[in-house]
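Descriptive structure summary
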2 protein chains.
Amino acid sequence: MLSLGETIRKLREEKELPLRTVAAFLDIDQAILSKIERGQRNANREQVVKLAEFFKIKESDLLVSWLSDKLVYEIADEDVALKALQVAEEKVKYNKSKK
Amino acid sequence: MLSLGETIRKLREEKELPLRTVAAFLDIDQAILSKIERGQRNANREQVVKLAEFFKIKESDLLVSWLSDKLVYEIADEDVALKALQVAEEKVKYNKSKK
DNA sequence: TTTGTTTTGAATGATTATGTCAAAAATACA
DNA sequence: TGTATTTTTGACATAATCATTCAAAACAAA
């Protein structure tokens, strides 16, 4: 259950690439990428899509990783975090069924 | 499966109170409360707590409603919304077990 | 109409997101 | 060691988003 940051750091290190190379592909400063990999910054959607392209992995997998990180972050301090996630699931299912 | 806004509007109308009264208790402009009830604005945590107090309902129930609304909002446009919620659940469970 | 309530939108202020840059710290390795 | 390379950090800038206020418009009831 890796975070987005852990995932892309692992991929980058497997290929023995410096931050610079990946950051250039994303068209951002390497400092930002460093922070993304360590979870100090959030990537945005566009960056996630580009990362999937760069590493040739399934875009939806990386989006799930990114979105779930954001969700966890949003409720991390709440006692009712799990319950909120479950209710959110029901709401999404309901919205989908009626749309 | 009511949203926070629908919930508090229902409660307010049952008691036949104007926005003004509830807004005064929350110490906000009634325009904001109107928007919160209609889902055009997000309440903040403090407001949710006060709303539970005002309507004498369980605080955690209203917090769940509020948090789940926020979660749904955050992923509403994504194809992988459900998957992201499920992965987020696993991450929360994992974090809890290791803490 | 008159009165009270609710909704809307423009304007403003606050907060968050995003990025750059340069220096410090860590790492690799001749 | 010393030097080059890479990574991390933090100060700063700017843009985008969000929250709030206010007044006016729209609505509802008497």
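See above for the structure.
Small disclaimer: the values here were computed from a predicted structure and weren't measured. (Residues numbered from 1 in each chain as written. Chains lettered and ligands numbered in written order. Predicted model: local features only at pLDDT ≥ 70, side-chain atom pairs only at ≥ 80, totals over all residues. Heavy atoms only, no water.)

**Details of the environment of glutamine 86 of chain B**
Residues and elements named next belong to chain B. Tracing the backbone shows glutamine 86 in helix α6 (residues 81-98). Of the residues examined, glutamine 86 reaches a relative accessible area of 31% and is grouped as partly exposed. Sequence separation between glutamine 86 and alanine 31 is 55 residues; the distance between their C-alpha atoms is 36 Å. (Helix = DSSP H or I, 4+ residues; strand = E, 2+ residues; numbered from the N terminus. Buried < 20%, exposed > 50% of the residue type's maximum accessible area, 1.4 Å probe, protein only.)

**Looking at the interface of chain A and chain B**
In this complex, chain A contributes 34 residues to the contact, which on the side of chain B involves 34 residues. Across the interface of chain A and chain B, roughly 3200 Å² is buried in total on both sides, 73% from carbon and sulfur atoms. Between chain A and chain B we count 4 salt bridges in total. The salt bridge partner of aspartate 69 of chain B is lysine 91 of chain A, with a shortest N-O separation of 2.6 Å. For the side of chain A that touches chain B, the secondary-structure elements that each account for two or more residues are α5 (59-75) and α6 (81-98) of chain A. The leading source of residues in the side of chain A that touches chain B is α6 of chain A, at 15 residues. The class makeup of the residues in the side of chain A that touches chain B is 17 nonpolar, 6 polar and 11 charged. (Contact = heavy atoms within 4.5 Å. Buried area = accessible area lost by both parts, 1.4 Å probe. Salt bridge = Lys/Arg side-chain N within 4 Å of Asp/Glu carboxyl O. Nonpolar A, V, L, I, M, F, W, Y, C, P; charged D, E, K, R; others polar.)

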